[in-house]
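# Structure assessment
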Amino acid sequence: MKPEATIIQNGTQTQGREDKDVLGGPDSRQTALGADSPGCGCGAQRRAGRVATAVDVDVCDSMKNRIPVVLLACGSFNPITNMHLRLFEVARDHLHQTGMYQVMEGIVSPVSDSYGKKDLVASHHRVAMARLALQTSDWIRVDPWESEQAQWTETVKVLRHHHRQLLKSSALTEGPDPSKTPSASAAVPELKLLCGADVLKTFQTPNLWKDEHIQEIVEKFGLVCVSRGAHDPKGYILDSPILRQFQHNIHLAREPIQNEISATYIRKALGQGLSVKYLLPDTVITYIRDHSLYVSDSSRKGKENIS
């Protein structure tokens, strides 16, 4: 796919592509649509050996009547950080607190190598690091489909792909019997793009996003935007005619804890041999060290400090 245009960002000439560094085929961990959701906790209680109480059952029943949702985050994940993981948790809490939604699954979708961003390590490394980071999650997984594409894939096309996968999964779950009435738990989940507030700001960058893509994302799928830093997501929405028109389909969540972990800073710190412990999962730090990622030749003497 040819880039849409050439633009200038931060004094650097780049191709007119959506900025994948700011977040925008199911594997064996695909959540069954009729199973206990990560939000109800009953499955976790059984695994822990605790008998579910009447209150627990009521919570599960209320969840089953909600609209199922899958959250998709697209980005470089170069490398995946604790901030990326927090976005999913904050977004899920926000949607559950509305009383309308039940988050079934979260998907991390790393961009392909053809994105061509500076310092972008090979996709197989970024996918591997994401898998390691998500070992402790029972509801978020990494999907390699986008990373395996020969050409850079626009965000809306990634959403279309995963929506098709959800339709196929739902058809298999419901079975061929047309006489059965689909239950709420068997409904096709809504797929929403999970992003940081900075993505809303990039929608205003000339020639970076196609207007028709922005409209399809917010009208057909919807956004869950987690505020961070000094960004003003409500202002970004009001400044955009498209976002303003479909603002009912944009959910604004706020991270109560200041979280300014930047993958850009982490790459710089690693290149200088500085510690990044507690900014990344330990498994990711170990992987970076074992594969000598993000470490320049001049800083290899301080390599042992990254843990």
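Cut-offs and rules
Residues numbered from 1 in each chain as written. Predicted model: local features only at pLDDT ≥ 70, side-chain atom pairs only at ≥ 80, totals over all residues. Heavy atoms only, no water. Helix = DSSP H or I, 4+ residues; strand = E, 2+ residues; numbered from the N terminus. Polar contact = N/O pair within 3.5 Å; in protein donor to acceptor, adjacent residues only side chain to side chain. Contact = heavy atoms within 4.5 Å. Buried < 20%, exposed > 50% of the residue type's maximum accessible area, 1.4 Å probe, protein only. Pairing = 2+ DSSP bridges. Arc of directions from axis to C-beta.

### So, the side chain of Thr202
By the element assignment, Thr202 lies in helix H6 (residues 197-202). Among the polar contacts listed, one links the side chain of Thr202 to the backbone oxygen of Val199, at a separation of 2.6 Å. Discounting residues that sit within four places of it in the chain, Thr202 has contacts with Leu208 and Trp209.

### Section: the side chain of Thr153
Within the element layout of this structure, Thr153 appears in the loop between strand E5 (140-142) and helix H5 (155-174). Engagement of the side chain of Thr153 in a polar contact is seen with the backbone oxygen of Gln151, the distance being 3.4 Å.

### Some remarks on the pairing of strand E7 (residues 223-227)
Of all 5 residues in E7, 5 are buried; the element is thus mostly enclosed. Side chains Leu223, Cys225 and Ser227 project from E7 onto one buried face, and the interleaved Val224 and Val226 project onto a second face that is buried too. Inspection of the sheet shows strand E6 (residues 190-196) paired to E7 by 4 bridges, in the parallel sense. Its bridge partner being in E7, Leu194 is matched across the sheet by Val224. In the sheet, E7 pairs with strand E8 (residues 250-254) via 5 bridges, with the strands oriented parallel. Paired with Val226 across the strands is Ala253, a residue of E8.

### Describing helix H11 (residues 282-290)
What sets the pattern is the α-helix's 3.6 residues per turn: residues three or four places apart point alike. Within the span of H11, buried status applies to Val284, Ile285, Tyr287 and Ile288. All buried residues of H11 lie within an arc of 160 degrees about the axis, which places them on one face of the element. Buried-residue contacts for H11 involve helix H4 (123-133) and helix H10 (263-271). Phi for Ser292, located one or two positions after H11, is positive at around 55 degrees.

### Let's talk about the environment of His163
Positionally, His163 belongs in helix H5. Sequence separation between His163 and Leu191 is 28 residues; the distance between their C-alpha atoms is 6.6 Å.

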